[in-house]
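This is what each chain is made of:
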Amino acid sequence: MADAGVEALSILAQLIVAGVLTGLVFALVSVGLTLVYGVMDVVNFAHGEFLMLAMYVAVGLALIGIGPIVGLPLVVIALFLFGIVVYRVFVRRLLAGPPEATVFGTFGLLVLMQGLAQAIFTSDYRSAPNPPFQGTLHLGAFAIPQATLVEGIGAIVLTALLFAFVEFTETGRAMRAVAEDRVAATLMGIDVQRINALAFGIGAACVGAAGSLLLLSNPAYPTVGVQYALTAFVVVALGGFGSIQGALVGAVLIGLLEVLGGFYLSPELKLVPVYLAYLIVVLLRPQGLLGRR
Amino acid sequence: MRGHLLALGSIVVVSVAAAFGVHDQVTLELLFTFLLYAVLGQSWNWISGYAGNVSFGHAIFFACGAYAAALLVTHGFSPWLAFPAGALTAVVLAIVSGFPTLALRGHYFSIATIAVAALVETFVHTSSWLNGANGFELPIRNGWANLQFAQKTNYVLIALALFALVQLGTLALERSRLGYYLRALRANHGAAASVGIDERRWKLIAFAWSAAMASAAGVLYAQDTLFVDPPSVIALSVSIDIALIGVVGGLGTVWGPAVGALIYVALAKGVALQLGGTGKGYDLVIYGALICVIAAWRPRGIVGSLVDALRRRRGAQAVDASPAIAERAA
């Protein structure tokens with residue numbers, strides 16, 4: 001009896017570790033989304049497709065011998081530039097239109113990017129050749145895939161860096177000012193267009209990093225981003241749209257819900273608690289768990 | 001109004017002529033698909049265009065009709081019963097999901113529709129009485145009583161009747177109390193509420209009608225393809241296709257969904273002819289690019305932009321006749 005209890009506890013502990021690590025990757029994907037939302041009130045429905053693009057770029061680099069970890073900064077830079085261009089050419093125009101234009105515009109971008117990926121790369125799975133960190137790490141009773149550990153740690157480090165940037169740099173302060181009150185920020189001499197473009201670029205850079213990390217244990221394919229984007233929407237709602245700390249807390253909660261739900265309910269039902277969490281939060285506490293009204 | 005009826009009348013005449021005059025089954029199937037998508041697009045347009053609550057989960061209502069037909073036929077009942085049964089299920093689903101969520105604004109509502117659709121999809125996937133992931137293959141039994149035909153002619157006629165009903169319903173909406181209230185709510189919900197318009201009540205009515213229309217399209221779809229499973233009727237990609245059709249033509253316009261469906265069918269056909277088969281993403285590329293361009297440069301969609309241009313021209317020609325213009329343009 002006691003043995004069974006110990007085993008159940010050890011399984012639970014292991015699931016919690018796995019849930020937190022999964023959640024940290026969700027956090028990195030979600031902070032990009034929430035930053036863009038906070039600064040310019042845009043929910044980028046193509047956020048998952050940015051992640052898909054990042055994974056294909058990382059696969060491409062891996063094919064010419066630059067592995068996902070070494071290549072990470074390159075993918076981040078590529079996605080940052082991509083984000084800036086998309087903002088300057090496209091999103092800027094959407095912001096000038098009616099409010100629903102940003103929903104449809106980014107939705108169109110989602111369809112366009114998925115179609116392009118399917119036309120160019122087909123729907124085959126593409127993995128990085130010989131990715132590092134493929135073993136399993138044994139720590140006493142714990143067995144954790146090395147890739148999951150590296151993904152989780154990499155994600156929390158990068159999320160912390162982003163938080164520090166927004167919190168402590170002059171540009172970060174300007175971003176928060178624009179998020180707080182666009183008109184007042186303009187009057188204080190902040191170039192809102194520049195800040196918007198920068199925020200959009202950084203939002204894309206976040207999934208650039210996340211895509212590189214995810215390639216350690218996942219293949220790239222045209223619709224790979226959909227599930228991550230849906231999870232990120234839930235996370236961002238849970239944490240309060242626009243809040244980085246909220247996104248981190250929400251992401252870990254969602255990671256736990258998904259892993260525990262998948263184990264104790266059934267793998268088919270693992271997303272049910274996630275979506276229920278979204279509906280409950282937006283209906284009962286629309287400002288999010290940590291958000292202010 | 002005359003213009004609208006004239007347009008609808010010409011579509012009916014051309015479709016009936018084609019249904020009896022054209023014997024090429026592939027062409028008739030295309031015509032049927034166009035009519036079906038136009039109905040789905042209009043159904044989506046009611047809640048997303050007129051009511052302003054953009055749904056990315058509309059396939060669940062389409063699935064209500066498709067699954068109602070599959071279940072009834074499999075258990076030996078008439079598929080005609082699927083019209084009321086599917087509509088009832090869809091309306092209940094719309095009210096249960098809409099009651100709490102329709103008050104949400106913008107992306108809050110849109111993401112909620114994705115969440116609700118994902119929950120419904122999981123439910124279907126895990127329900128053995130709905131055959132889970134396997135879905136239903138409908139037995140072949142031709143004849144009016146079984147709503148199944150070897151030739152496409154009758155499918156076109158039934159879809160045409162549904163399309164006409166849906167278009168007339170939308171024309172009625174545009175000049176009804178419901179239509180004016182929805183427009184007021186969309187323009188400024190605070191101001192609308194302050195003059196006593198009950199947002200939840202009117203939006204629920206629009207949502208219920210929208211769900212019932214989509215369900216009827218689902219019944220026809222099931223009776224035509226004779227195969228129903230989660231990826232073909234309920235997946236997120238189906239909801240996205242429905243939204244595509246609605247956005248391209250123009251939100252909150254009578255003819256936008258039909259134009260969107262026409263482009264959709266033409267693209268699917270054109271891509272299949274030119275590039276060998278769909279599913280390779282080329283049609284998505286064109287569609288995505290089209291939506292991007294429309295969202296950034298023509299946010300009112302194709303029909304919306306045409307209406308605007310027409311109004312400007314008329315306005316320039318006869319400024320003093322404004323009441324007559326407003327009546328004709330509406």
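Residues numbered from 1 in each chain as written. Chains lettered and ligands numbered in written order. Predicted model: local features only at pLDDT ≥ 70, side-chain atom pairs only at ≥ 80, totals over all residues.

Novice: Just to check I follow, could you spell out the overall build of chain A for this structure?
Specialist: Along the backbone of chain A there are 11 helices and 2 strands. In chain A, the succession of α and β elements from N to C terminus is α-α-α-α-β-β-α-α-α-α-α-α-α. Against the compact-globule benchmark of 19 Å for 293 residues, chain A has a radius of gyration of 19 Å, which places it among compact chains. Overall, chain A is about 70 × 50 × 35 Å in size when its C-alpha atoms are taken along their principal axes. Considering only intrachain contacts with a sequence separation of at least 6, the fraction spanning at least 24 residues in chain A is 77%. (Helix = DSSP H or I, 4+ residues; strand = E, 2+ residues; numbered from the N terminus. Rg over C-alpha atoms; globule rule 2.2 N^0.38 Å. Contact = placed C-beta atoms within 7 Å.)

Novice: I'm lost on the interface of chain B and chain A in this one. Help?
Specialist: Accessible area lost upon the coming together of the parts is a frequently used measure of interface size. Contacts between chain B and chain A engage 32 residues on the former and 35 residues on the latter. Listed by contribution, the elements that provide at least two residues to the side of chain B that touches chain A are α5 (106-126), α11 (236-249) and α13 (282-297) of chain B. Per-element accounting of the side of chain B that touches chain A gives the leading share, 13 residues, to α5(B). Residues of the side of chain B that touches chain A, tallied by class, amount to 23 nonpolar, 8 polar and 1 charged. (Nonpolar A, V, L, I, M, F, W, Y, C, P; charged D, E, K, R; others polar.)

Novice: Hey, could you run me through the packing of helix α3 (residues 59-74) of chain B against helix α9 (residues 199-225) of chain B in this one?
Specialist: The description of two helices packed together rests on the angle between their axes and the distance between the axes. Residues and elements named next belong to chain B. One can describe the packing of α3 onto α9 by two numbers: an axis separation of 6 Å at closest approach and a directional angle of 45°. Taken as axis vectors, α3 and α9 run oblique relative to one another. Like other packed secondary-structure pairs, α3 and α9 cross with a definite hand, here right-handed. On α9, the residues touching Phe61, Phe62, Ala63, Cys64, Gly65, Ala66, Ala68, Ala69 and Ala70 of α3 are Ala211, Ala214, Ser215, Ala216, Ala217, Gly218, Val219, Tyr221, Ala222 and Gln223. Considered class by class, the residues forming the contact of α3 with α9 number 15 nonpolar, 4 polar and no charged. (Axes fitted to C-alpha atoms, helices over the stretch in contact; angles between N-to-C directions. Parallel < 35°, antiparallel > 145°, perpendicular 65-115°, else oblique. Left-handed = near helix turned anticlockwise from the far one by under 90°.)

Novice: Any chance you could explain the environment of Leu284(A) here in plain terms?
Specialist: Residues and elements named next belong to chain A. Residue position: Leu284 is located in helix α11 (residues 272-284). Overall, Leu284 belongs to the exposed group, with 8 C-beta atoms counted inside 10 Å. Along the sequence, Leu284 and Ser123 sit 161 residues apart, while their C-alpha atoms lie 40 Å from each other. (Buried ≥ 20, exposed ≤ 12 C-beta atoms within 10 Å, placed from the backbone.)

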